[in-house]
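Summary of the model geometry
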Amino acid sequence: MKCDRCDNEATIHELIVAQGQHVEAHLCERCARRAKGRQPTSGDAVSPADDVPTASDTPISLSPSADASAHSAAAGADEPPHESGDVPIEHPGDGAGDGASDGATEESSDEASIIAGARTTCPGCKLTFAQFRHQGQMGCPACYAAFAELLAPLLARAHEGGTWHVGKKPARYRGAESAPAAGAAPVIATTRRLSMLRASLAEAISNEQYELAARLRDELRALLSARSSPEPDARSDAPPRGDLA
Amino acid sequence: MSDTPPPPPPSSPQPPIPPEQLRAGAHWLTGDGADNDVVISSRVRIARNIDGFAFLSKADNDLRQQTLELCRDRLMHCGLGRRTLWLDVHKTPTLDRTLLVERHLMSKEHARGDAPRGLLVSLPDEHLSVMVNEEDHLRLQSLRAGLALSQAWAQVNDADDRLDGLIDFAFSPRFGYLTSCPTNVGCGVRMSVMLHLPALRLTNDIDKAKRAARDMNLTVRGFYGEGSEATGDLYQISNQTTLGKSEAALLNDIEADIVPDIVRAEREARRRIMDVRRRFMEDLCWRALGTLRAARLLAPEEALTMLSLARLGALLGILPNLSEATVNQLMLMVQPAHLQRITGQDMDQQRRREARADLVRARLAGAHG
């Protein structure tokens, strides 16, 4: 069996029963050590969010706040604005998930995220992440926003490292690109470049290509600092409304 | 059949598909199209879901019915073609459902179950088909003869654009088109080609071709997709990645990159066998034709295996009086539902084997090689 967080063989298997739900965690020794031992360090401007969940374990100075932001309701400053509100993660019950939703102010261990994550519930259809892992199918479109950060490593594995959509969009999302407003096209281009860089950085880190990762990180930083205005918002992922607009 | 048929009363069973609606042979098996000596057909399928609607795994019958009616209405009014056939699949007789699966117009999964689900087919070419309420709310497919992924993509893309104005598709800028199963999320596109690779199998090079495809993150499967064996030396190659790759990149990987390489390798293997072991190849093809023209009982697997070799014989000029199109059509006609539709009888397995052998003998009576 493969590790939940990387492609290594899982050697540590945990079954946690919380809130009446069984949560399984299968980790390799390296990821398990990181889950137990990681401590927050000083903040870093580069926040690759969910694309690089293992960043803090590498020689590259990437803040765990990036990881924490991955589980927060408001993503890091480098996130496209439309993604900021995309993570309506609910943590019903005993508040065990609060730590994971407190963003950069609290430590966010992998362990906590696994426990909290498995109990994360989609506000639209009430599917839990644990149920999704069991059945392999989402319940509704809003599940993707609700489980966004937990899904990212799974999607990267299933799609050969792909974490961000490229390609066709519905007409209602194409408006921003074709809008004649000055600067619109370069901003979109920057967004795409950022997405590519994040994906490449995550891949480089997971392959332990630290030299390459450092170069990508520098490029990412340069691009972020050069970006002067927020990207045009497209549309937030709304919970199901049970009807068509 | 018009493009806007009145929807049937809610509880009435779907009448059998009128025989004239679906021709005896599907267009994608006519033997036309680019590189048709090796590439049988090309298919592009996209998955789309309605924003704000639960996916099928969470949908009760009422929601399924609501989805079905909404999609049917939009499909009938978006100008997909002059003639289309609409079927409420859940009310369609089992034999017709199997017929549609055999013609690759819908999946086996879509044929099962009684929950509300539908299928639209463009006529008379059967190029475009749309499954409603399969794993996703909508699955649009274009199926073409030969290597024609670009044309198939263009048709599906056009249908998608037409529906886009009428249905709000579930989409996230980050994850792309949102699908029930995350393995389809992103562009939601599955592109596949069906290849006839008998020579690569005979030269033991088939594994190299499979490896080359897998190295490009493509999946290699048998004639009937997931879990099926490569009966009749027919292989499907398709993409497995949909997130982080554009439609154009996928198209390029398959149509411009891997498939031309495999086509070249298969042709080269055919040439090599003919140069070095011509008598062996002649024997193989003639024996296949002999079996097909003499057998009194034929199981579908044996029929496909023999037809595969007969097709190779026709293409290599070993069986000059046998047309490739005849063999292609027979590959479809020997399938159980087609056989029963052609003979007009419901038959058990034993009777089908007899009827299959009779049909093949009759069709190949004039093929003297």
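Here we look at the overall build of chain A
From N to C terminus, chain A includes 11 helices and two strands. Secondary structure elements of chain A, listed N to C terminal, follow the sequence β-β-α-α-α-α-α-α-α-α-α-α-α. Residue pairs in contact within chain A that sit at least 24 positions apart in sequence constitute 57% of those at least 6 positions apart. Total accessible area on chain A is roughly 11000 Å²; 53% of this is exposed by carbon and sulfur atoms.

Remarks on the pairing of strand β9 (residues 218-221) of chain B
Residues and elements named next belong to chain B. Taking every second residue as pointing to the same face, the buried face of β9 carries L218 and V220, while none of T219 and R221 on the other face is buried. Bridge count between β9 and strand β10 (residues 234-239): four bridges; the pairing is antiparallel. Bridging from a neighbouring strand, L218 pairs with N239 of β10.

Points about the pattern of salt bridges
Close approach of charged atoms lets side chains of opposite charge pair. A complete count under the given rule lists 33 salt bridges over all chains for this structure. The partner of E126(B) in a salt bridge is R103(B), with the nearest N and O atoms 3.0 Å apart. Of the two residues, E126(B) sits in the loop between β3 (118-123) and β4 (128-132) while R103(B) sits in the loop between α2 (94-102) and α3 (108-111), which places them 23 residues apart along the sequence. Of the residues examined, R103(B) reaches a relative accessible area of 1% and is grouped as buried. Residue E354(B) is joined to R351(B) by a salt bridge in which the shortest nitrogen-to-oxygen separation is 3.4 Å. Of this pair, E354(B) and R351(B) both sit in helix α12 (residues 349-363), three residues apart, roughly one helical turn. One continuous salt-bridge network, built from bridges that share partners, spans K168(A), R174(A), R48(B), D160(B), D161(B) and D164(B).

Quick notes on the packing of aromatic side chains
All told, the structure shown has five aromatic pairs over all chains when counted by the stated rule. Judged by centre distance (5.4 Å) and plane angle (70°), the ring pair of F129(A) and F147(A) falls under edge-to-face. A residue pair is termed long-range when its members are at least 10 positions apart, and F129(A) in helix α6 (residues 129-135) and F147(A) in the loop between α7 (142-146) and α8 (148-158) qualify at 18 residues. The class of F129(A) is buried, set by a relative accessible area of 6%. With relative accessibility at 0%, the residue F147(A) sits in the buried group. For the ring pair Y144(A) and F175(B), a centre distance of 5.8 Å and an interplane angle of 50° mean the geometry is tilted. With Y144(A) in helix α7 and F175(B) in the loop between β6 (171-172) and β7 (176-177), the pair connects residues from two separate chains. A residue is classified by how much of its surface remains accessible, and Y144(A), at 0% relative accessible area, is buried. What makes F175(B) buried here is its relative accessible area of 2%. Put simply, the rings of F129(A), F132(A) and F147(A) pair up and form one aromatic cluster. Over the aromatic face of Y177(B) sits the side chain of R48(B), whose NZ or CZ is 3.4 Å from the ring centroid. Against the face of F280(B) rests R277(B), its NZ or CZ located 4.1 Å from the ring centre.

Details of the confidence of the model for chain B
Residue and element names in this part refer to chain B. Per-residue confidence for chain B averages 89 on the pLDDT scale, and 89% of its residues sit at or above 70. When pLDDT is averaged over each helix and strand of chain B, the minimum, 88, is found for β9 and the maximum, 97, for β4. Within the model, the stretch residues 1-11 combines pLDDT values under 50 with 19 contacts to residues more than four positions away or in other chains. Interface confidence in the predicted complex, given as ipTM, is 0.86; pTM for the same model is 0.69.

Some remarks on the interface of chain A and chain B
It is common to give the size of an interface as the accessible area that goes away when the parts come together. Listed as interface residues are 44 residues of chain A and, on the opposing side, 47 residues of chain B. Together chain A and chain B conceal approximately 3700 Å² of surface at their shared face, both sides included; 55% is due to carbon and sulfur atoms. For the interface between chain A and chain B, the tally reads seven salt bridges. R174(A) is the salt-bridge partner of D164(B), the closest N and O atoms lying 3.6 Å from each other. Where chain A touches chain B, the interface holds 19 residue pairs in polar contact (both at pLDDT 80 or more). Of all the secondary-structure elements, those providing two or more residues to the side of chain A that touches chain B are α3 (81-84), α6, α8 and α9 (171-178) of chain A. Per-element accounting of the side of chain A that touches chain B gives the leading share, five residues, to α8(A). Residues belonging to the side of chain A that touches chain B are distributed by class as follows: 20 nonpolar, 11 polar and 13 charged.

Comments concerning the packing of helix α7 (residues 247-276) of chain B against helix α8 (residues 278-294) of chain B
Residues and elements named next belong to chain B. Contact pair α7 / α8: the axes reach a minimum separation of 5 Å and the direction vectors enclose 110°. One way to sum up the angle between α7 and α8 is to call them roughly perpendicular. Residues I273, M274 and V276 of α7 form the contact with α8, whose participating residues are R278, F280 and M281. Here the contact of α7 with α8 is built from residues that sort into five nonpolar, no polar and one charged.

Regarding the pairing of strand β2 (residues 83-88) of chain B
All names here are of chain B. Counting buried residues in β2 gives five out of six residues, a clear majority hidden from the surface. As paired elements, β2 and β3 share six bridges and run antiparallel to each other. Each bridged residue has a counterpart across the sheet, and for T84 the counterpart in β3 is S122.

Remarks on the sheet that holds β2(B)
Residues and elements named next belong to chain B. Across the sheet, eight strands lie side by side as β2-β3-β4-β5-β1-β8-β10-β9; this open sheet has antiparallel pairing. In this open sheet, the two strands that pair with only one neighbour each are β2 and β9. Ignoring strand direction, the axes of neighbouring strands in this sheet form an average angle of 20°. Looking at chain direction, strand β1 (residues 39-48) and strand β8 (residues 189-196) are connected through seven bridges and run antiparallel. Each residue of the ladder has a partner; that of V39, found in β8, is L195. Sheet strands touched by α7: β1, β8, β9 and β10. Its angle to β8, the strand with the most contacts, is close to 10°.

Rules used in this analysis
Residues numbered from 1 in each chain as written. Chains lettered and ligands numbered in written order. Predicted model: local features only at pLDDT ≥ 70, side-chain atom pairs only at ≥ 80, totals over all residues. Heavy atoms only, no water. Helix = DSSP H or I, 4+ residues; strand = E, 2+ residues; numbered from the N terminus. Contact = heavy atoms within 4.5 Å. Areas by Shrake-Rupley, 256 points an atom, 1.4 Å probe, with all protein chains shown as cover. Buried < 20%, exposed > 50% of the residue type's maximum accessible area, 1.4 Å probe, protein only. Pairing = 2+ DSSP bridges. Salt bridge = Lys/Arg side-chain N within 4 Å of Asp/Glu carboxyl O. Phe/Tyr/Trp six-rings, centres within 6.5 Å; stacked < 30°, edge-to-face > 60°. Lys NZ or Arg CZ within 6 Å of the ring centre and 35° of its normal. pLDDT = per-residue confidence, 0-100. Buried area = accessible area lost by both parts, 1.4 Å probe. Polar contact = N/O pair within 3.5 Å; in protein donor to acceptor, adjacent residues only side chain to side chain. Nonpolar A, V, L, I, M, F, W, Y, C, P; charged D, E, K, R; others polar. Axes fitted to C-alpha atoms, helices over the stretch in contact; angles between N-to-C directions. Parallel < 35°, antiparallel > 145°, perpendicular 65-115°, else oblique.

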